[in-house]
Each structure stands twice: as structure tokens, then as C-alpha cells.
Amino acid sequence: EAQVTQNPRYLITVTGKKLTVTCSQNMNHEYMSWYRQDPGLGLRQIYYSMNVEVTDKGDVPEGYKVSRKEKRNFPLILESPSPNQTSLYFCASSPGTGAYGYTFGSGTRLTVV
Amino acid sequence: ELKVEQNPLFLSMQEGKNYTIYCNYSTTSDRLYWYRQDPGKSLESLFVLLSNGAVKQEGRLMASLDTKARLSTLHITAAVHDLSATYFCAVTEIATSGTYKYIFGTGTRLKVLA
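Now for a quick tour of the structure. Everything numeric in this text was worked out from a predicted model, so none of it was measured. (Residues numbered from 1 in each chain as written. Chains lettered and ligands numbered in written order. Predicted model: local features only at pLDDT ≥ 70, side-chain atom pairs only at ≥ 80, totals over all residues. Heavy atoms only, no water.)

### A word on the state of the cysteines
Okay, so step 1: Scanning the model with the defined rule gives two disulfides over all chains in all.
Okay, so step 2: A sulfur-sulfur distance of 1.8 Å marks the disulfide that ties Cys-23 of chain A to Cys-91 of chain A. What sets the handedness of the Cys-23 of chain A and Cys-91 of chain A disulfide is the S-S torsion sign, and at about -70 degrees it is left-handed. Of this pair, Cys-23 of chain A sits in strand 3 (residues 19-25) while Cys-91 of chain A sits in strand 9 (residues 87-94), placing them 68 residues apart in sequence. Across the pair, Cys-91 of chain A and Cys-23 of chain A agree in class, each one buried.
Okay, so step 3: In this model Cys-23 of chain B forms its disulfide with Cys-89 of chain B; the gap between the sulfur atoms is 2.0 Å. Handedness of the Cys-23 of chain B-Cys-89 of chain B disulfide follows from its S-S torsion of about 80 degrees: it is right-handed. Linking Cys-23 of chain B in strand 3 (residues 19-25) with Cys-89 of chain B in strand 9 (residues 85-94), this pair joins segments that are 66 residues apart in sequence. (Disulfide = S-S within 2.5 Å. Helix = DSSP H or I, 4+ residues; strand = E, 2+ residues; numbered from the N terminus. Buried < 20%, exposed > 50% of the residue type's maximum accessible area, 1.4 Å probe, protein only.)

Written out as C-alpha cells, the structure is:
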């Protein structure tokens, strides 16, 4: 089944403790992206990647890191999480031509206390 | 900076009625996407509109794109309860690096009342 797999689905952590949210897709998509969703703010892009080793900042990159060492994986790293990073995070992928919409992962609800 | 605005933000409608959700964006783009999100769930792609005048229909939903007016509409015909969800539009913007970004609207929360 074609899908984007995110893990974990839920995570509660403490301020300053490094964490990684994994994202993997099995559709050979070129384009991958991370979003955060907050009430009243819609989805805001954190980082995106057009291909392996090619990443770029979205609108809210501060406090996040990403890497794209393999085409299928695009992990999101929070080196020192803070409470304002409490949010619902989505990973998404697309073929990259713009002719198709995203396929989204199921989301990761992160709480930083 | 590209801005994408949807209205209304909230919409409560009776079953059987028709209504339209509007998506305005601030810069030139010929690619527009509509997504649906059910409560507590992820987003699902509904429509991809790739040119001026494009129209797509699926069941009771019809989406159109007017790139000159920088406007897309999502029309709901004879609403049913199952259409209750949040609907997002998204537009692509070419970044200075030559890559492109998807910018989402804030969403329209639709509630269809029996």
C-alpha cells in the first residue's frame, strides 16, 4: 500500500530533550515536507526537500532540523524542544512535478512540557 | 510573500443546501490544491487544479480555478452529513532557490446539520 509512515503518533517530552520524528514513504516520491498544524493557523511548512541531500527552509524552520540522506526517509529533529513546539506535525510527500497533491502521513502529536 | 486566504472560516449548513468556499491567493500561481481533513485525522487530497479555468468534480464537490482573479472555489451541492470536515486549499510558490513551496490556507470548518 502506498503510504507515508510517521512515528511516533504521540509523544510527550520535556523541554530540552532531543527528539526525532521519523517519516518514510514507499512511493519513490521526490518531494517531501514537514508541516505543523496549530489551531487557527492552518498548516505551516517547516522544511521541505526536493530530492536527496536537497533541503530548504519553509516558513517556520526555527528550532528544527531535517536531513534527506535517502529518498524514502525525511526525519524531523528537534535538538532542544520548547513548549512552543507543542503541535500536531505532518509529514507529506509528492512526486515533485506539482501535478499531484500531497500524500500525508497520519500525524504526530507532540507535547513539550 | 504568498498569502492564501479562505472564507468562510466556519460554515454550518443544512443538509440538502448548496454553498461555496472561497480561496484567494496573493501572487501568480497556476497550481491549486484542495484537501479534506476529518477531525483527528490526516489530510486527504481532493482536487488538483493546474490551469486557468480548470474544473474538477467528485460527487457533491466541484472545484474551479481562476488564475487571473487568483481565486478558487469549492462548491458543495446538496450537502450531506458525511461532508462535515475541514477543507484546505493550497498554492505553490517558487522559492528563490528555484524549488517550490506549498502554502496552505487556514482552512474552512464545515458542519452539515441533519
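Back to the write-up after that little detour.
### Details of the nonpolar core
All names here are of chain B.
Okay, so step 1: Grouped together as the largest cluster of nonpolar side chains are 26 residues, with contacts concentrated most on Val-4, Leu-32, Trp-34, Leu-74, Ile-76, Tyr-87 and Leu-110.
Okay, so step 2: Looking at this core, the elements with two or more residues in it are strand 2 (10-14), strand 3, strand 4 (32-37), strand 5 (43-49), strand 7 (61-66), strand 8 (71-76), strand 9 and strand 11 (108-113).
Okay, so step 3: Of all the elements, strand 9 adds the most residues to this core, at four residues. (Core = buried A, V, L, I, M, F, W, Y, C linked by side-chain atoms within 4.5 Å.)

### Let's talk about the side chain of Ser-67 of chain A
Residue and element names in this part refer to chain A.
Okay, so step 1: You can see Ser-67 is positioned in the loop between strand 7 (65-66) and strand 8 (76-78).
Okay, so step 2: On the accessibility criterion, Ser-67 (19% relative accessible area) is buried.
Okay, so step 3: If we ignore the near neighbours within four places in the chain, the residues touching Ser-67 are Asn-73, Phe-74 and Pro-75. (Contact = heavy atoms within 4.5 Å.)

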